[in-house]
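Overview (structure and organization)
This is what each chain is made of:
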Amino acid sequence: MNIIVASGKGGTGKTLVAANLAYALSDQKEVLLVDCDVEEPNLHLFFPQGGYELPVTTPVPVFDADRCTGCGRCAEVCRYGAITVLKEPPPLFFEKLCHSCGGCEMSCPEGAIHEEERAIGKIRFSNPRDNIILISGILDEGEVMAPRVIAAAKSYAGGHPTTILDASPGIACPVVEAMQGADYCILVTESTPFGLHDLALAESVTRCLGIPSGVIINRFSEEDDQVTDFCRSKDLPVLMTIPFDREIARIQNTGGLISESMPAYREKFADLFSRVTSAGGFSR
Amino acid sequence: MKVCITSKGPGPDDMMEERFGRAPFFIFFDTEGEEHNAVENPFASGAGGVGPRAAQVLIDNGAKAVVTGNVGGNALGALRAAGISIYFLREPGTVKAAFQQFKDGKLTEAV
Ligand code: SF4
Ligand code: SF4
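Here's a quick rundown of the structure. (Residues numbered from 1 in each chain as written. Chains lettered and ligands numbered in written order. Predicted model: local features only at pLDDT ≥ 70, side-chain atom pairs only at ≥ 80, totals over all residues. Heavy atoms only, no water.)

Counted under the stated rule, the structure contains six aromatic pairs over all chains. Taking 5.0 Å as the distance between ring centres and 85° as the angle between the ring planes, the aromatic pair formed by Y87(B) and F102(B) counts as edge-to-face. Taken as a pair, Y87(B) in strand β5 (residues 85-88) and F102(B) in helix α3 (residues 95-103) lie far apart in primary sequence, 15 residues in all. Among the residues examined, F102(B) registers a relative accessible area of 11% and is labelled buried. Connected via pairs of aromatic rings, a cluster forms that spans Y52(A), F125(A) and Y156(A). If you follow R90(B) out to its NZ or CZ, it ends over the ring of F88(B), 4.6 Å from the centre. (Phe/Tyr/Trp six-rings, centres within 6.5 Å; stacked < 30°, edge-to-face > 60°. Helix = DSSP H or I, 4+ residues; strand = E, 2+ residues; numbered from the N terminus. Buried < 20%, exposed > 50% of the residue type's maximum accessible area, 1.4 Å probe, protein only. Lys NZ or Arg CZ within 6 Å of the ring centre and 35° of its normal.)

Surveying the vicinity of ligand 2 reveals 13 residues, the closest of which are C78(A), C98(A), C101(A), G102(A) and C104(A). Per-class residue counts for the shell around ligand 2 are nine nonpolar, four polar and no charged. (Near = heavy atom within 4 Å. Nonpolar A, V, L, I, M, F, W, Y, C, P; charged D, E, K, R; others polar.)

Time to look at the packing of helix α6 (residues 193-209) of chain A against helix α7 (residues 227-234) of chain A. For any two helices packed against each other, the geometry comes down to the angle between their axes and how far apart the axes lie. All names here are of chain A. In the contact formed by α6 and α7, the axes pass within 10 Å of each other and the chain directions differ by 25°. On the basis of the axis angle, α6 is roughly parallel to α7. Two packed elements cross with a definite hand, and for α6 against α7 that hand is right-handed. In this structure, α6 uses L196, L199, A200, E203 and R207 to contact α7, whose residues at the interface are V227, F230, C231 and K234. By residue class, the composition of the contact of α6 with α7 is six nonpolar, no polar and three charged. (Axes fitted to C-alpha atoms, helices over the stretch in contact; angles between N-to-C directions. Parallel < 35°, antiparallel > 145°, perpendicular 65-115°, else oblique. Left-handed = near helix turned anticlockwise from the far one by under 90°. Contact = heavy atoms within 4.5 Å.)

Turning to the pairing of strand β2 (residues 31-35) of chain A, a few remarks are in order. Residue and element names in this part refer to chain A. Of all the five residues making up β2, five are buried; the element is thus mostly covered by neighbouring parts of the structure. Here β2 shows no split at all, with V31, L33 and D35 on one side and L32 and V34 on the other all buried. Note that β2 and strand β8 (residues 163-166) share four bridges and pair parallel. Paired with V34 across the two strands is L165, which belongs to β8. (Pairing = 2+ DSSP bridges.)

With that settled, consider the environment of T15(A). Residues and elements named next belong to chain A. Position of T15 among the secondary structure elements: in helix α1 (residues 14-25). On the basis of relative accessibility, which here comes to 10%, the residue T15 falls in the buried class. In sequence terms T15 and D166 are 151 residues apart; their C-alpha atoms lie 6.2 Å from each other. Sequence-distant contacts of T15, defined by excluding residues within four places in its chain, comprise N42, L43, F46 and D166.

Honestly, it's all geometry; don't read function into it.
Structure follows, in structure tokens:
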């Protein structure tokens, strides 16, 4: 069972939901948490970790100045502008623009290009507490290939029976990469007009990918609630509402988990999981 | 010597464009003659890596200097490596006026 936690924008409490859900379930079984927010991974803040790291690499072209005739073919082929051919070989290569498509190597008539692996990030593995395994994808500063690091993190997760993934905010390529193959998507939002707008975008992505989804409304307020109406209109179940509450805010601001300090929430999250995963899905 | 001015349109009477990689046109002038030629920038609305590709257009057209408003980091690297001098001009004006200022030595090279 792969459950992904996503949101149309940052700061809605997406990571919090992933962390609380994992904590609540760890009473019963082993949970694998995968941080797919590789540009700003922060699940480890809830689960301080030691652990160990493995690099994530990507193939990039290396130019042989002796063979290169400066014909310019590689720069023409590169859709990402990662190569500029100067008067004197070898061509200038901008590694951070390269998407590892392999096009330049294939197109060089002189065989002057071969590929070598270059590190763009890492995967960190840890076991911060009983029954929780955390795999964090980390994209190095200034790198562009987030989807590659996400794919690597997910591949290390393998087919673990209880996997919870924390997606990056937004709806761009990295989110789609993280969502691929998920059995259920929990969309986290807030009851504000901005929250609603971003929720609508995120919902359209899950719909496109055909992933069943439900909504958790964080900082829920009855007065300003357009989100519930939206969910009704889209036939999206509201899985849980977390009210705007001093005690909850205090726990969260100190890096704590409400499913640890408030038993009622531990039950709510555990119950949410069993409803989401039960045969026939969540009743709408 | 060939100098390139980034331009919003295909003619010398068009306004200079302040962005380098996303300039719609590059207009090349010869400091020794009167002629010029305009090259449309195929990457003006590209998604990424427009800087180095725009620099490639300048290299392929034999420019030795460029007058523009702003150059991104990657394009800067490519222009420098190709030995193309960069001159910044940040007041709005026509391409022709920019070329005149360049010819009169009124612009200082960015270092
Ligand atoms: S395609 Fe090959 S020979 Fe041509 S410029 Fe590129 S590296 Fe050099
Ligand atoms: S591998 Fe693809 S993206 Fe990278 S430099 Fe070659 S053509 Fe460009």
